[in-house]
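Here is how the chains run, residue by residue.
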Amino acid sequence: MLTLLVISLFPASISVPSTGWDKSNHALGFAVLAFLAHWARPTNALIGLLGLFSYGALIEVLQSLTPTRYAEWSDLWADGVGLLIGAVFASLVQGLAPERSC
């Protein structure tokens, strides 16, 4: 989460890892977060997704306060799409994983 925040707030002139399209960067970053959150706490997946969506909104607010970045509703939408993709992927992977017994 911290890495995503730092990359999101770097000045636009600094080169950071990228997929080549801003919206896919958002979707990929939040898909990874959703996957990890779902995998860590599958019984609280919805709460985790809502928290991560709020985190995406916070990043947009923080970007609006920087001189070289700006907030976009489409970025928040891309975050949401990434969260759904990550949650679905985590559910599929978890469904294929063998039962763990402790």
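Residue indices begin from 1 for each chain and proceed along its sequence in written order. Given that this is a predicted model, residues contribute local features only at a pLDDT of at least 70 and side-chain atom pairs are listed and counted only at 80 or more, while totals for whole chains, interfaces and linings are drawn from all residues. The side-chain numbers reported here are obtained from all heavy atoms of the structure, hydrogens and water having been left aside.

I tried to follow the overall build of the protein on my own but got confused; where do I start?
Secondary structure assignment for the protein yields four helices and zero strands. Counting from the N terminus, the helices are the DSSP runs of H or I reaching at least four residues and the strands are the DSSP runs of E reaching at least two. Ordered by position from N to C terminus, the α and β elements of the protein give α-α-α-α. Taken along the three principal axes of its C-alpha coordinates, the protein extends 50 × 25 × 25 Å. Residues count as neighbours in contact if any of their non-hydrogen atoms are within 4.5 Å of one another. Counting contacts in the protein only where the partners sit at least 6 residues apart, residues at least 24 apart contribute 74% of the total. We get accessible surface area from the Shrake-Rupley algorithm with a probe of 1.4 Å; when it comes to residues, only the shown protein chains can shield them. Split by element, the accessible area of the protein, about 6,800 Å² in all, is 73% carbon and sulfur. We treat Lys and Arg as the positive residues and Asp and Glu as the negative residues; His and chain ends play no part in the count. Note on charges: their place is set at NZ of Lys, CZ of Arg, CG of Asp or CD of Glu. Taking the average location of the 4 positive side-chain charges in the protein and that of its 6 negative ones, the two points are 9 Å from each other.

Can you walk me through the confidence of the model for the protein in this structure?
Where the model shows low pLDDT, its predicted coordinates should not be examined in detail. Predictor confidence is given residue by residue as pLDDT, running from a minimum of 0 to a maximum of 100. Residues at a pLDDT of 70 or more form 96% of the protein, whose mean pLDDT is 90. The weakest mean pLDDT in the protein belongs to helix H1 (residues 2–9) at 91; the strongest belongs to helix H3 (residues 45–64) at 96.

Just checking my understanding: could you explain the nonpolar core for this structure?
It is characteristic of soluble globular proteins that their nonpolar side chains tend to be buried jointly. For this analysis, a nonpolar core means a set of buried residues of the types Ala, Val, Leu, Ile, Met, Phe, Trp, Tyr and Cys, connected via side-chain atoms within 4.5 Å. Burial classes follow relative accessibility: with a 1.4 Å probe on protein chains only, a residue under 20% of its type's maximum area counts as buried, one over 50% as exposed, and anything between as partly exposed. By size, the foremost hydrophobic cluster in this structure holds 10 residues: Leu5, Phe30, Leu33, Ala34, Leu49, Leu52, Tyr55, Ile59, Leu83 and Ala87. Those elements that place two or more of their residues in this core are helix H2 (22–40), H3 and helix H4 (73–96). It is H3 that provides the largest number of residues to this core, a total of four residues.

Would you mind going over the packing of aromatic side chains with me for this structure?
The way to describe two aromatic rings as a pair is by their centre distance and the angle between their planes. Two aromatic rings from Phe, Tyr or Trp, using only the six-membered ring of Trp, form a pair when their centres are within 6.5 Å; if the ring planes differ by under 30 degrees the pair is stacked, by over 60 it is edge-to-face, and anything between is tilted. If you walk through the whole model with that rule in mind, you get two aromatic pairs. Measuring from ring centre to ring centre gives 6.1 Å for Phe35 and Trp39, while their planes differ by 10°; the resulting arrangement is stacked. Placement of the pair is Phe35 and Trp39 together in helix H2, with a separation of four residues, close to one helical turn. Overall, the relative accessible area of 21% leaves Phe35 in the partly exposed class. On the basis of an interplanar angle of 40° and a centroid distance of 5.5 Å, the ring pair of Phe35 and Phe89 is categorised as tilted. Taken together, the residues span a long stretch of sequence, with Phe35 in helix H2 and Phe89 in helix H4 at a distance of 54 residues. Grouping aromatic residues by their ring pairs yields a cluster made of Phe35, Trp39 and Phe89.

Would you mind going over the side chain of Ser8 with me for this structure?
In this structure, Ser8 sits in helix H1. On the accessibility criterion, Ser8 (11% relative accessible area) is buried. When residues no more than four places from it in sequence are discounted, the contact partners of Ser8 are Ile59, Gln63 and Arg69.

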